[in-house]
Amino acid sequence: MPNTNQPDAQPISFNIFGACVSRDLFPKDTPYEIRQYVSFSSPMSVYKIKGDRTLTEEDLEGARVGSRFSRRCMMLDHNKTGLDYLFQRPSDWLILDFADLRLPLLKYGNNNYLTRTNLFLKNKAHFEKLFGEYETVPRVTPEEAVECVEWFGRQILKVYPPERIILNRYGMVEQYLSDDGTLVNYSYLPRIRRINAMLKKANDHFEEMCGHRCFTIRMPKGIVSYEKHRWGNYPMHYISSYYDYAYAALNHILTTGTPVPEMLRELYSQKAKLQIETACRQRAEAENEQLSAEIQRLTEENAALSRFGDTLREYDLRREEVRQAAKAFCEEHGLHRAALWGSYPLTPHLIGLLQSVGVTVDYVITDRKREYPVQTVPVKTMPLPQTDAIIICDAETYERRAAKLQTKTSLPLYSISSFLPV
């Protein structure tokens, strides 16, 4: 990379005409200067002769959604002053892409054309009122794209020699990487392929106009878009490997003055593949962890059910003995009322047992939706309703459950193992 830290060194400067991809390849800490940037403007719109109306800042005041940059670009596009703005401040290099040729045009009034962008779509009612009746012009065909680029390219080459132009060739991808690591196909693949075929014609024609002397950045293989891209999920909002590659390719051009080597493109094709595989593997690992946790939970529940079954059988065999043990325990601790913690197969039997020895069960503490002959109280309830004591229905985890309950209540806590053969 050129040394721009010397006291007298001026940063290398760029003007950009194209979509957000060409701007986003520059990281925040880039030493380069971006002077003029024109976006949200189809070259086909630039190609059209200005109509009878001039769009003003006052016209855009009623648009509630949209950045100042997008509003400025709409004015440049509508008023056919985008190239004048682009050339207003000379730069060392021009980065050019034709990606916005994919966008439809709107036509209204006396031959007023503009590019249909999100600024229009998100403020549709305002612009419909502003423009009156309008029509959407059919999408650009490959033949129309070549005709447009022929004129557009001549305007560019009047100001920048081919050796100072970097043509950023990219297209719409067919898949995106979801946030959970899944590769998903876009639902409109035929349209994506038609647009990419049109963009190829446009890019090929401009390279021919330059005598193949302009520099070119071509997409690595295997690039996909990213569902959580900062600009949203879209076939031109790529995974990070693309932007890393494009910036590396740019630096190669600046430092060597030679075309981007295929080896660099192949390297980042492999990096993109690794990025996708890593995301997919992480998703699989997360799913495996969830599955393992679910298996562990079910195993523990099955073991608990088995233990509760053993307890119930013991209870049935020794019902009177157990009832006398429960009665003695409750009398010893002065229990006339109690609450139960936990919704288990044993819980309804324990309600009946306590009631049979003269103890009222006030409520069951549980988040599970179960029908009981007493009130249920959510686990996070604070403070817990008044009662004589809380009996924890899970003897194996009594210590852990009791420690947690002690942080939210001063009620006495007991385990069912105190009087049941668990």
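Described below are features of the structure shown in this document. What you see is a predicted model; the values in this text were computed from it and never measured.

### Structural notes on the sheet that holds strand 2 (residues 33-38)
At step 1: Spatially, five strands are ordered 2-1-3-7-10 in an open sheet, and the strand pairing comes out parallel. The two strands at the open ends of the sheet, each matched to only one other strand, are strand 2 and strand 10 (215-218). On average, each strand axis in the sheet is inclined to that of its neighbour by 20 degrees, with strand direction left out of account.
At step 2: Set on the sheet, helix 9 (residues 189-209) makes contact with strand 3 (93-96), strand 7 (165-169) and strand 10; between it and strand 7 the angle comes to about 160 degrees.

### Observations regarding the packing of helix 8 (residues 142-157) against helix 9
At step 1: Relative orientation of the contacting elements helix 8 and helix 9 amounts to 35 degrees, with a least axis distance of 9 Å. In the crossing of helix 8 with helix 9, the sense of the turn from one axis to the other is right-handed. Of helix 9, the residues touching helix 8 (which contributes Pro142, Ala145, Val146, Val149, Glu150, Gly153, Arg154, Ile156 and Leu157) are Met198, Lys201, Ala202, His205, Phe206 and Met209.
At step 2: Looking at side-chain class alone, the contact of helix 8 with helix 9 contains 10 nonpolar, two polar and three charged residues.

### Digging into the nonpolar core
Proteins that are soluble and globular tend to have nonpolar side chains buried together.
At step 1: Within the largest apolar cluster, 74 residues are counted, with the highest numbers of intra-cluster contacts made by Phe14, Leu101, Phe206, Tyr238 and Leu250.
At step 2: By residue number, the principal contributor to this core is helix 10 (residues 240-256), which donates nine residues.
At step 3: In this structure, Leu353, Ala389, Leu413 and Ile416 belong to the second largest nonpolar core, which totals 39 residues.

### Overview of the side chain of Ser22
At step 1: Turning to its location among the elements, Ser22 is positioned in helix 1 (residues 20-24).
At step 2: Ser22 gets classed as buried once you look at its relative accessible area, which sits at 0%.
At step 3: Side-chain polar atoms of Ser22 contact the side chain of Asp97, separated by 2.5 Å.
At step 4: Once you skip the residues sitting within four places of it in the chain, Ser22 turns out to touch Ile16, Ile95, Asp97, Asn168 and Tyr170.

### Regarding helix 4 (residues 68-78)
At step 1: Inspection of helix 4 places Ser70, Arg71, Cys73, Met74, Leu76, Asp77 and His78 among the buried residues, and these make up the whole buried set.
At step 2: Backbone geometry just downstream of helix 4 places Lys80 in the positive-phi region, at approximately 60 degrees.

### Points about the sheet that holds strand 8 (residues 175-177)
At step 1: Ordered in space as 9-8-11, the three strands form an open sheet in which the pairing is mixed. Edge strands, defined here as strands with exactly one partner in the open sheet, are strand 9 (183-185) and strand 11 (225-226).
At step 2: Two strands pair when backbone bridges link them, and strand 8 and strand 11 are joined in this way by two bridges, in the parallel orientation. Each residue of the ladder has a partner; that of Tyr176, found in strand 11, is Ser225.

What counts as what
Counting restarts for each chain: residues are numbered from 1 in the order of the written sequence. Whole-chain, interface and lining totals are the exception, using all residues; otherwise, since this is a predicted model, local features are given only for residues with pLDDT of at least 70 and side-chain atom pairs are given and counted only at 80 or more. With hydrogens and water excluded, all non-hydrogen atoms of the structure serve as input to the side-chain values. In this analysis, strands are considered paired if DSSP registers two or more bridges between them. A run of DSSP states H or I qualifies as a helix once it reaches four residues; a run of E qualifies as a strand once it reaches two. Both are numbered from the N-terminal end. Axis geometry follows a simple rule: fit a line to the C-alpha atoms, using only the stretch in contact for helices, then measure angles between N-to-C directions, giving values from 0 to 180 degrees. Residue contacts follow a heavy-atom distance rule, with two residues in contact if any of their heavy atoms lie within 4.5 Å. Here a crossing is taken to be left-handed if its near helix is turned anticlockwise relative to the far helix by less than a right angle, and right-handed if that turn runs clockwise. Residues are grouped as follows: Ala, Val, Leu, Ile, Met, Phe, Trp, Tyr, Cys and Pro are nonpolar; Asp, Glu, Lys and Arg are charged; every other residue, Gly included, is polar. Put simply, buried Ala, Val, Leu, Ile, Met, Phe, Trp, Tyr and Cys residues joined by side-chain atoms within 4.5 Å make one nonpolar core. For every residue, the accessible area obtained with a 1.4 Å probe (protein chains only) is divided by the maximum for its type, and the residue is called buried under 20%, exposed over 50%, and partly exposed between those limits. Polar contact criterion, stated in full: a pair of N or O atoms within 3.5 Å, where within protein one must be able to donate a hydrogen and the other to accept it, and residues adjacent in sequence count only if both atoms are side-chain atoms.

Remember, this is a structural readout, not a statement about activity or role.
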